[in-house]
Amino acid sequence: MNINEIVSKLKIVPVVKLDNVEDAVPLANALIAGGLPIAEVTFRTSAAFESIKAMSKIPEMIVGAGTVITLEQAKQAKEAGAKFIVSPGFDKEVVDFAIANNIPIFPGGCTPSEIMQILKCGLKIVKFFPAENYGGLKTIAALGGPFVDVKFMPTGGIGPNNIKEYLANPKIVACGGSWMVKDTLITAKKFDEITKLTAEAVALVK
């Protein structure tokens, strides 16, 4: 399966912020044990590059780079072995680099103009962020009208209380979420708790 198919099958992409590289492998193992062998490791900390590198060495793990907002970060993501790239917005340089290097990319788009730019690049899945702040399902339904071929991956404000509602919409391929990989759980090294929350999330969306 390609990345789009894997994301669509798994339905949830855990959005991870790692402050310490030493937590990367235990976190990956916790997600795998919980039945969700995928993570979007965000470039919000200096540990992102080495964390992606460490996690990408685990054969069962599909690790992507998130919060990629510059070309330099896109290059680092590739070097670290990221299997996909996620960006909160649309930057043509970043998108062009990913496409040229055969790295699947999910750029962010919340307006018709942004979605038109993404379509022009030949991409069909758009990250919708921050989902709840931008009107959530109502906005996605409205955007789905003119953009019949576009699918969305909403992130931001999505959790156990509303993910099923999001995934019931045929325009939504998967949701990004961080409730099972909260910073506090990672820094406290509560990897058993992460596995438990991950397994609950997987069961919820089955």
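Before reading on, note that the structure itself is shown above.
For the structure given in this document, a descriptive report is provided here. (Residues numbered from 1 in each chain as written. Predicted model: local features only at pLDDT ≥ 70, side-chain atom pairs only at ≥ 80, totals over all residues. Heavy atoms only, no water.)

### Thoughts on the side chain of threonine 45
Cut-off, in case you're wondering: Comment: elements are numbered from the N terminus, with helices defined as DSSP H or I runs of at least four residues and strands as E runs of at least two. Under the scheme applied here, a residue whose accessible area is under 20% of the maximum for its type counts as buried, over 50% as exposed, and between as partly exposed, the area being computed with a 1.4 Å probe on protein chains only. Should any heavy atoms of two residues lie within 4.5 Å, those residues are considered in contact.
Within the element layout of this structure, threonine 45 appears in the loop between β2 (38–42) and α3 (48–55). A residue is classified by how much of its surface remains accessible, and threonine 45, at 17% relative accessible area, is buried. Setting aside anything within four residues of it in sequence, one finds threonine 45 in contact with Lys17, Leu18 and Asp19.

### Points about the nonpolar core
Where we set the bar: Nonpolar core, defined: a set of buried Ala, Val, Leu, Ile, Met, Phe, Trp, Tyr and Cys residues in which side-chain atoms within 4.5 Å join the residues together.
Core analysis: the largest hydrophobic core is formed by 77 residues, its most contacted members being Leu27, Met55 and Met153. Considering every element that reaches this core, the biggest residue donor is helix α10 (residues 191–205), with 6 residues. Residues contacting leucine 27, with those up to four places away along its chain left out, are Val16, Leu18, Met55, Val181, Ile186, Phe191 and Ile194.

### Re the pairing of strand β6 (residues 125–128)
Where a strand is regular, its side chains alternate between the two sheet faces. Note the following rule: What makes two strands pair is DSSP finding at least two bridges between them. Crossover handedness is defined by viewing with both strands directed away from the observer: a clockwise path from the first strand over the helix to the second marks the crossover as right-handed.
Both faces of β6 are covered, namely the face carrying Ile125 and Lys127 and the face carrying Val126 and Phe128. Sheet topology places β6 next to strand β7 (residues 151–154); 4 bridges connect them, and they run parallel. Following the sheet pairing, valine 126 is matched in β7 by phenylalanine 152. Once you follow β6 into helix α7 (residues 136–144) and on to β7, the crossover reads as right-handed.

### A closer look at α7
Counted only if it meets this: Picture the helix axis, draw a direction to every C-beta atom, and the arc is the one those directions span.
Within the sequence span of α7, burial applies to Gly136, Leu137, Ile140, Leu143 and Gly144. Burial along α7 is one-sided: seen end-on, the buried residues are contained in an arc of 125°. Exposed residues lying more than 90 degrees from the buried face of α7 are Lys138 and Ala142. Check the buried side of α7 and you find it contacts α6 (112–120), β6, β7 and α8 (163–167).

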